[in-house]
Amino acid sequence: MADDDLAVSIARLRGDVEALGRIGRDEETGGVSRTSFSVADAAARRWLADRVEDAGLSWRQDGLGNVFIRVEPTDPAAAALPAVWSGSHIDSVPNGGRFDGALGVLAALECARCLSDHRDALRRPVQVVVFTDEEGNYHHLFGSSALARGFDADQLAGLRGRDGDRLVDTLAATGWDLDAATRTKVDPADVHAFLELHIEQGPRLEAQHIDIGVVTSIVGLGGGELTFHGRADHAGTTPMGSRQDALRAAGAFLAGLADIAGGVSDTAVLTCGLLEVAPGASNVVPGTAKLTLDFRDTERDRIEQLERAVVHAAERAAAAHGVTTSYVSDGTIDPVRLDDGLRDLIESMAVERGYSTTHLPSGAGHDSQNMATLATTAMIFVPSKGGHSHSPAEDTDWPDVERGANVLLGVLATVAFAPPA
């Protein structure tokens, strides 16, 4: 059959997005909170499993919660070939939006439904993947990192969530197999290609009235925990000049974030979105201040420069306030350039359907950058209203959703229907 005869059901896809968006929704703010391994995350997984069962597709989950949904060709020889993968994540940041990640999963599921009606035409399997903890409660792009590189038992034991909980305790409490959690690495020979549909999370497509963004590259990520160690003292009886105030040192460091980033490059960004102070009382001089940092750039060497600059700036701030500092890195996820051949295919699929396109980099991290270490990889962006993301204001018009999903379907069908070389 012709690839352009295929089309998603926007009514079914919209129903899925709206239903999933109600799981973990805060009725007061309208935001969604679905941290991986939370109660809301478990409910979302149950809901998704029901949708997969309704579609007559298979469901498998690995030891860290990555989910695999598969469409098998009727030809056994074709079924044995490496699959075309597509997907994203269903976890969210605290009080986030309903499209980030979820659209990529649900659009891929809708494509799988469409392609399952044409198994005779498939020349290789199609596999939807739902990555665990993309939003990094425990680790940057956790699920896809587990597929690309894996984690050993000691590494897993060292991971803690935003609330200080240990990942291994959370997994054990919910009945997960901790041994299986170390056996998640995927053989690159099992992945033919990977495609991810995502909202842009920025303003460019909407501002330029562009339907489809063809992503050229993805920014690299770094981060870690920076702690200032001072001395807790009485807030009323300790003179200002005698204090070893960890929070004052942290504040001096935070005031210089823009200068630290700007000293590396004009594309570097550096963020502290989480600050923990102990003992944590208004009448006690802070003894420790722990900052969780996120920094990004388009070049790996500049990410390494950023990390060194962070440590040096922290040491200067600590010395100026009579405290000490320590830093624990979360590691680096390299920036990647996405596959030219798949980018050309996305472009042609969009143009054939009469959609406008542009090529642009992604300033947000995505699981695609881990998948690019396993197979040829590409991303499709659709507009974000107002450029908003990671907030309740996150939104995308349904015609844009439909356009993006149909481009994804067209590319998946072209790759999956093509005879193996």
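Next up on the list: the overall build of the protein chain. From N to C terminus, the protein chain includes 14 helices and 15 strands. Rg of the C-alpha trace for the protein chain: 23 Å, near the compact-globule value of 22 Å for 421 residues, within the 12% margin. Seen through its principal axes, the protein chain has C-alpha atoms that stretch 80 × 50 × 45 Å. Scored against the burial criterion, the 421 residues of the protein chain give a buried share of 52%.

All right, on to the side chain of glutamate 196 then. With respect to the element layout, glutamate 196 can be found in strand S5 (residues 191–199). For glutamate 196, which is buried and forms no salt bridge, the nearest opposite charge comes from arginine 296, at a distance of 12 Å. A distance of 2.6 Å separates the side chain of glutamate 196 from the side chain of serine 368, its partner in a polar contact. In this view, glutamate 196 contacts Gly87, Ser88, His366, Asp367, Ser368, Ala378, Met379 and Ile380; residues no more than four positions away in its chain are not counted.

Moving on: helix H12 (residues 340–352). Across its 13 residues, H12 extends 18 Å between first and last C-alpha, which sits within 8% of the 18 Å expected from 1.5 Å per residue. Looking at the buried side of H12, the elements it contacts are S5, strand S6 (212–218), strand S13 (336–337), strand S14 (357–362), strand S15 (376–382) and helix H14 (398–417). With a side-chain oxygen lying 3.1 Å from the backbone nitrogen of glycine 341, the N-terminal cap of H12 falls on aspartate 339. Immediately downstream of H12, the backbone of glycine 354 shows phi near 80°, a positive value.

Our next topic: unusual backbone geometry. Residue proline 279 is reached from alanine 278 by a cis peptide bond, and omega for that bond is 5°. With respect to the helices and strands, the residue proline 279 is situated in the loop between strand S9 (269–278) and strand S10 (284–285). Positive phi values are uncommon outside glycine, yet phenylalanine 37 reaches one of about 70°. Considering the arrangement of structural elements, one finds phenylalanine 37 in the loop between helix H1 (10–21) and helix H2 (39–54). For aspartate 133, which is not glycine, the phi torsion reads 45° and is therefore positive. Tracing the chain through its elements places aspartate 133 in the loop between strand S4 (126–131) and helix H5 (142–148). Aspartate 133 gets classed as buried once you look at its relative accessible area, which sits at 1%.

Contact pair H12 / H14: the axes reach a minimum separation of 9 Å and the direction vectors enclose 125°. Viewed along their axes, H12 and H14 adopt a mutual orientation that is oblique. Between H12 and H14 the crossing geometry is right-handed. Taken together, the residues of H14 that come into contact with H12 (itself represented by Leu342, Leu345, Ile346, Met349 and Ala350) are Val407, Gly410, Val411, Thr414 and Val415. Looking at the contact of H12 with H14, its residues break down into 8 nonpolar, 2 polar and no charged.

Conventions adopted
Every chain begins its residue count from 1, and numbering advances along the sequence as written. Side-chain atom pairs in this predicted model are given and counted only at pLDDT of 80 or more, local residue features only at pLDDT of at least 70, and totals for whole chains, interfaces and linings cover all residues. Only hydrogens and water are set aside when side-chain values are computed; all heavy atoms of the structure are taken into account. We count a stretch as a helix when DSSP gives it H or I for four or more residues in a row; a strand needs E for two or more, and each element gets its number in order from the N terminus. Radius of gyration: over C-alpha atoms. The globule rule applied is 2.2 Å multiplied by the number of residues raised to the 0.38 power. Exposure classes here rest on a 1.4 Å probe applied to the protein chains alone. A residue is buried below 20% of its type maximum, exposed above 50%, and partly exposed in between. Under the convention used here, Asp and Glu are negative, Lys and Arg are positive, and both His and the chain ends fall outside the count. What counts as a salt bridge is simple: a side-chain nitrogen of Lys or Arg found within 4 Å of a carboxyl oxygen of Asp or Glu. We define a polar contact as two N or O atoms separated by no more than 3.5 Å, with the added condition that, inside protein, one atom must be a possible hydrogen donor and the other a possible acceptor, whereas residues neighbouring each other in sequence contribute only through side-chain atom pairs. By definition in these notes, contact holds between two residues if any of their heavy atoms fall within 4.5 Å. A helix's residues, less one, multiplied by 1.5 Å, set its expected span. A fitted line through C-alpha atoms represents every axis, and for helices the fit uses only the stretch in contact; the resulting angles, taken between N-to-C directions, go from 0 to 180 degrees. For classification purposes, angles smaller than 35 degrees are called roughly parallel, those larger than 145 roughly antiparallel, those between 65 and 115 roughly perpendicular, and all remaining angles oblique. Helix crossings are classified by the rotation of the near helix relative to the far one: an anticlockwise turn of less than a right angle makes the crossing left-handed, while a clockwise turn makes it right-handed. Classification used: nonpolar for Ala, Val, Leu, Ile, Met, Phe, Trp, Tyr, Cys and Pro, charged for Asp, Glu, Lys and Arg, polar for all others including Gly.

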